[in-house]
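One letter stands for each residue in the lines below.
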Amino acid sequence: MSCVYQNKKNILIFAGGISPSKKDVESFMINHDIDLNSSFIIAVDSGMETVIKFDLKADLLIGDMDSIDKETLCKFENSVCKKEFPKDKDFSDTELAFIEAKKIPHKNLVLIGASGGRIEHFVSLLSLFNFEKYNKSTMSLPNFWLTEENIIVFCNKKNHLQINSLLETDNVSVFSLGKNFFNGKIVSKGLKWNLDKINWKKQISLSNRIDSGYNSVELSIKRGSFIFVLPLKNNIKIELKDKI
């Protein structure tokens, strides 16, 4: 079946591994004004099974097809655009989906799943977040990554992040990434332990929390690239903006 890219606002990539629940995904999408049914959906190999479980329709199935159930693959052989690759290749299946996403105009890119199981796959995907600038010509990386329990957000020096509806018991963990690993700088407001003077060479901000006097957290990236790990809960909303 030939591939036709429809003009859709957002791209959702469903990867294999453990996926968050449909309820959690739907709540996240509603909070962030992303319509599941009008997004361009890419299923990565066995991620197709999650797409089916969520009662959605994939626009593209991509990968080497080594982990998808063969009965499922046969069922959708002639109804879904498919791009199949050899098992021995230079990119993982999910990376191939990111490369494909680069070709499609979009506002948000959300990765769903891709955790649990083989830890090297998870670490490999996580490592992609630190060299976006070196792959701008070939790959789009997600704004948000939804695992079974967490929201992972990628930010760089252009970004200002506001997190709403956190509880005092919710953890906010921050990791510095990339070429400027030891030279990152964040200005924060609303966290119990301020990030402004952290020496990222010596520490990370693990299990930080919102300060009791605030109802939101604001983070402005001054130098470097970072990932923020938040709980996947139905009330949390993240506003990720480019700084003016």
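Predicted model, so just to flag it, every value in this text is computed and none were measured.

K.L.:
In this structure, what is going on with the overall build of the protein chain? I would like to understand it.
P.N.:
Each helix and strand in the protein chain was counted, giving five helices and 14 strands. For 244 residues, the compact-globule estimate of 2.2 N^0.38 gives 18 Å, and the C-alpha radius of gyration of the protein chain, at 18 Å, lies within 12% of that figure. Considered along the principal axes of its C-alpha atoms, the protein chain spans approximately 55 × 35 × 35 Å. Classification of the 244 residues of the protein chain by burial places 49% in the buried group. Nonlocal contacts in the protein chain, meaning residues at least 24 apart in sequence, comprise 71% of its contacts between residues at least 6 apart. If you sum the accessible surface of the protein chain, you get close to 12,500 Å²; carbon and sulfur atoms cover 49% of it. Between the averaged position of the 34 positive side-chain charges in the protein chain and that of its 30 negative side-chain charges there is a distance of 10 Å.

K.L.:
What is the right way to read the packing of aromatic side chains from this model?
P.N.:
Think of a pair of aromatic rings as described by two things: how far the centres are apart, and how the planes are tilted against each other in angle. One pass over the full model with this rule turns up three aromatic pairs. A ring pair is formed by Phe14 and Phe54, whose centres lie 5.7 Å apart and whose planes are at 90°; its orientation type is edge-to-face. Placement of Phe14 in strand 1 (residues 10-14) and of Phe54 in the loop between helix 2 (47-53) and strand 3 (60-63) is noted, with a sequence separation of 40 residues between them. By the burial criterion, Phe14 is buried, and Phe54 matches it. Where Phe28 meets Phe144, the ring centres are 5.3 Å apart and the plane angle is 75°; that geometry is what we call edge-to-face. Here Phe144 lies in strand 6 (residues 144-146) and Phe28 lies in helix 1 (residues 22-31), a separation of 116 residues in the sequence. Residues Phe28 and Phe144 agree in their burial class; the two are buried.

K.L.:
Looking at this model, I keep getting lost on the pattern of salt bridges. Mind explaining?
P.N.:
Side chains that carry opposite charge are capable of pairing whenever their charged atoms lie near each other. Counted by the stated rule, this structure contains 10 salt bridges. Linking Lys8 and Asp59 is a salt bridge whose minimum nitrogen-to-oxygen distance equals 3.3 Å. Here Asp59 lies in the loop between helix 2 and strand 3 and Lys8 lies in the segment before strand 1, a separation of 51 residues in the sequence. Measuring nitrogen to oxygen at the nearest pair gives 3.4 Å for the salt bridge that ties Lys103 to Glu100. Each of the salt bridges in this network shares a partner with another, and the network as a whole consists of Lys22, Glu26 and Asp55.

K.L.:
Help me understand the sheet that holds strand 10 (residues 185-189) in this model?
P.N.:
In sheet architecture, strand pairing relies on hydrogen bonds along the backbone and comes in two forms, parallel and antiparallel. Pairing is antiparallel in the open sheet, where four strands are placed in the order 10-12-8-14. Every other strand in the sheet has two partners, leaving strand 10 and strand 14 (237-242) as the edge strands with one partner each. Ignoring which end each strand starts from, the neighbouring axes of this sheet average 15° apart. As judged from the five bridges shared by strand 10 and strand 12 (residues 216-223), these two strands associate in the antiparallel manner. Paired with Lys189 across the two strands is Glu218, which belongs to strand 12.

K.L.:
Honestly, the environment of Glu100 in this entry has me stumped. Any pointers?
P.N.:
With respect to the helices and strands, the residue Glu100 is situated in helix 4 (residues 93-102). Residue class for Glu100 comes out buried when judged on its relative accessible area of 3%. With 39 residues separating them in the primary sequence, Glu100 and Met139 have C-alpha atoms 7.5 Å apart. When residues no more than four places from it in sequence are discounted, the contact partners of Glu100 are Tyr5, Leu60, Ile62 and Lys83.

Thresholds, definitions, all that
Counting restarts for each chain, with residues numbered from 1 along the sequence as it is written. For a predicted model such as this one, the threshold for reporting local features is a pLDDT of at least 70, and the threshold for listing and counting side-chain atom pairs is 80 or more; totals across whole chains, interfaces and linings nevertheless cover every residue. Heavy atoms throughout the structure, all of them, feed into the side-chain values; hydrogens and water do not. Elements are defined by DSSP. Helices are runs of H or I of four residues or more, strands are runs of E of two residues or more, and each kind is numbered from the N terminus. Each radius of gyration is computed over the set of C-alpha atoms, and the globule rule expresses the reference value as 2.2 Å times the number of residues to the power 0.38. Burial classification: accessible surface area is computed with a 1.4 Å probe over protein chains only, and a residue below 20% of its type maximum counts as buried, one above 50% as exposed, and the rest as partly exposed. When checking whether two residues touch, look at their non-hydrogen atoms; a contact exists if any pair is within 4.5 Å. Areas reported here follow the Shrake-Rupley algorithm with a probe of radius 1.4 Å; residue values treat only the protein chains shown as occluding. By the counting rule applied here, Lys and Arg register as positive and Asp and Glu as negative, while His and the ends of each chain are not counted. To locate a charge, take NZ of a lysine, CZ of an arginine, CG of an aspartate or CD of a glutamate. Two rings belonging to Phe, Tyr or Trp (six-membered ring only in the last case) form a pair when the distance between their centres is within 6.5 Å. Interplanar angles under 30 degrees mark stacking, angles over 60 mark edge-to-face geometry, and anything in between is tilted. Salt bridges are defined by distance alone: a side-chain nitrogen of Lys or Arg within 4 Å of a carboxyl oxygen of Asp or Glu. Strand pairing requires that DSSP identify at least two bridges connecting the strands. Simply put, an axis is a line fit to the C-alpha atoms, just over the touching stretch for a helix, and the angle between two N-to-C directions goes from 0 to 180 degrees.

By themselves, these are just geometric observations and shouldn't be taken as functional.
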